[in-house]
Amino acid sequence: MSSPARFEVSFERGAIDEMRARLRATRWPEPVAGGAWDWGVDLDYLRSLCAWWADEYDPGGLLDRLGEWPSFRWRGVHLLHARGDASRAGGDGLPVLLIHGWPGAPLEFRGVIDRLLEAGHDVVIPSLPGYGYSDAPDPPLSGT
């Protein structure tokens, strides 16, 4: 049986540059008169959000946050896996599996990971297949 392999979380600089270029090149629709949030997302809000992603977002901060815990890949699935100090739990620290929803990411659990580790638990947080650094799943065997 294979074991998880350490994984270096990274991304290509070109991908960030491309994202920023696409955001800056957005062709905006004309605002709906009196629409704001009544007809979908407020256009001014969306423009400011896209400007933040294009000009202010710090991708290095994401890498720093993801790097706070060991990262692995196993059978095409990326996961964060950190071992707690079992002696703190009297040797009874149970492993904890945390699974995020869609859309989401393992960083949703950032506020509880260290607390679980301090309590002696091992923590495993996989990325959903097809998202983040996990491979897309194979098609279903049924062919449908």
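Treat the numbers as computed from the prediction; the structure is a model and nothing was measured.

**Overview of the overall build of the chain**
- From N to C terminus, the chain includes 4 helices and 5 strands.
- In the chain, the succession of helices and strands from N to C terminus is β-α-α-α-β-β-β-α-β.
- Over its C-alpha atoms the chain spans a radius of gyration of 20 Å, topping by over 25% the 15 Å that the globule rule assigns to 144 residues.
- Expressed along its principal axes, the backbone C-alpha trace of the chain runs to roughly 65 × 40 × 30 Å.
- Burial analysis of the chain (144 residues in total) assigns 26% to the buried set.
- In the chain, of all internal contacts separated by at least 6 residues, the share reaching a separation of at least 24 is 70%.
- Total accessible area on the chain stands at roughly 10100 Å², and carbon and sulfur atoms take up 56% of it.
- Between the centroid of the 14 positive side chains of the chain and the centroid of its 21 negative side chains there is a distance of 3 Å.

**Overview of the sheet that holds strand E5 (residues 123-126)**
- One open sheet accounts for 5 strands, arranged E1-E2-E3-E5-E4; its pairing is mixed. Edge strands, defined here as strands with exactly one partner in the open sheet, are strand E1 (5-6) and strand E4 (96-97).
- Sheet topology note: the E1/strand E2 (residues 71-74) ladder contains 2 bridges and is antiparallel. What sits directly across from Ala-5, in E2, is Arg-73.
- Contacts between helix H4 (residues 110-118) and the sheet are confined to strand E3 (77-82), E4 and E5, with E5 contributing the most and set at about 150 degrees to the helix.

**Examining the pattern of salt bridges**
- Evaluation of the coordinates by the stated rule reveals 6 salt bridges.
- Notably, a salt bridge pairs Arg-13 with Asp-17, separated by 3.5 Å at the nearest N-O pair. Of this pair, Arg-13 and Asp-17 are both found in helix H1 (residues 13-24), 4 residues apart, which corresponds to roughly one turn of the helix.
- Owing to a relative accessible area of 39%, Asp-17 belongs among the partly exposed residues under this scheme.
- With a shortest N-O distance of 3.1 Å, Arg-73 and Asp-135 are connected by a salt bridge.

**Side note on the nonpolar core**
- By size, the foremost hydrophobic cluster in this structure holds 13 residues, and its most contacted members are Trp-69, Leu-98, Phe-109, Ile-113, Leu-117, Val-123 and Ile-125.
- Among the secondary structure elements, those contributing two or more residues to this core are E3, H4 and E5.
- Once you skip the residues sitting within four places of it in the chain, Trp-69 turns out to touch Leu-80, Ala-82, Leu-107, Arg-110, Ile-113, Asp-114 and Leu-117.

**Description of the side chain of His-100**
- Along the chain, His-100 turns up in the loop between E4 and H4.
- Owing to a relative accessible area of 4%, His-100 belongs among the buried residues under this scheme.
- One polar contact links the side chain of His-100 to the main-chain amide nitrogen of Ala-105, over a distance of 3.4 Å.
- From its side chain, His-100 meets the backbone nitrogen of Leu-128 in a polar contact 3.2 Å long.

**Considering the environment of Ser-10**
- Tracing the chain through its elements places Ser-10 in the loop between E1 and H1.
- On the accessibility criterion, Ser-10 (39% relative accessible area) is partly exposed.
- It is 30 Å that separates the C-alpha atoms of Ser-10 and Tyr-45, two residues lying 35 residues apart in sequence.
- Residues contacting Ser-10, with those up to four places away along its chain left out, are Leu-63 and Tyr-133.

Parameters and conventions
Residues numbered from 1 in each chain as written. Predicted model: local features only at pLDDT ≥ 70, side-chain atom pairs only at ≥ 80, totals over all residues. Heavy atoms only, no water. Helix = DSSP H or I, 4+ residues; strand = E, 2+ residues; numbered from the N terminus. Rg over C-alpha atoms; globule rule 2.2 N^0.38 Å. Buried < 20%, exposed > 50% of the residue type's maximum accessible area, 1.4 Å probe, protein only. Contact = heavy atoms within 4.5 Å. Areas by Shrake-Rupley, 256 points an atom, 1.4 Å probe, with all protein chains shown as cover. Lys, Arg positive; Asp, Glu negative; His and termini not counted. Charge placed at Lys NZ, Arg CZ, Asp CG, Glu CD. Pairing = 2+ DSSP bridges. Axes fitted to C-alpha atoms, helices over the stretch in contact; angles between N-to-C directions. Salt bridge = Lys/Arg side-chain N within 4 Å of Asp/Glu carboxyl O. Core = buried A, V, L, I, M, F, W, Y, C linked by side-chain atoms within 4.5 Å. Polar contact = N/O pair within 3.5 Å; in protein donor to acceptor, adjacent residues only side chain to side chain.

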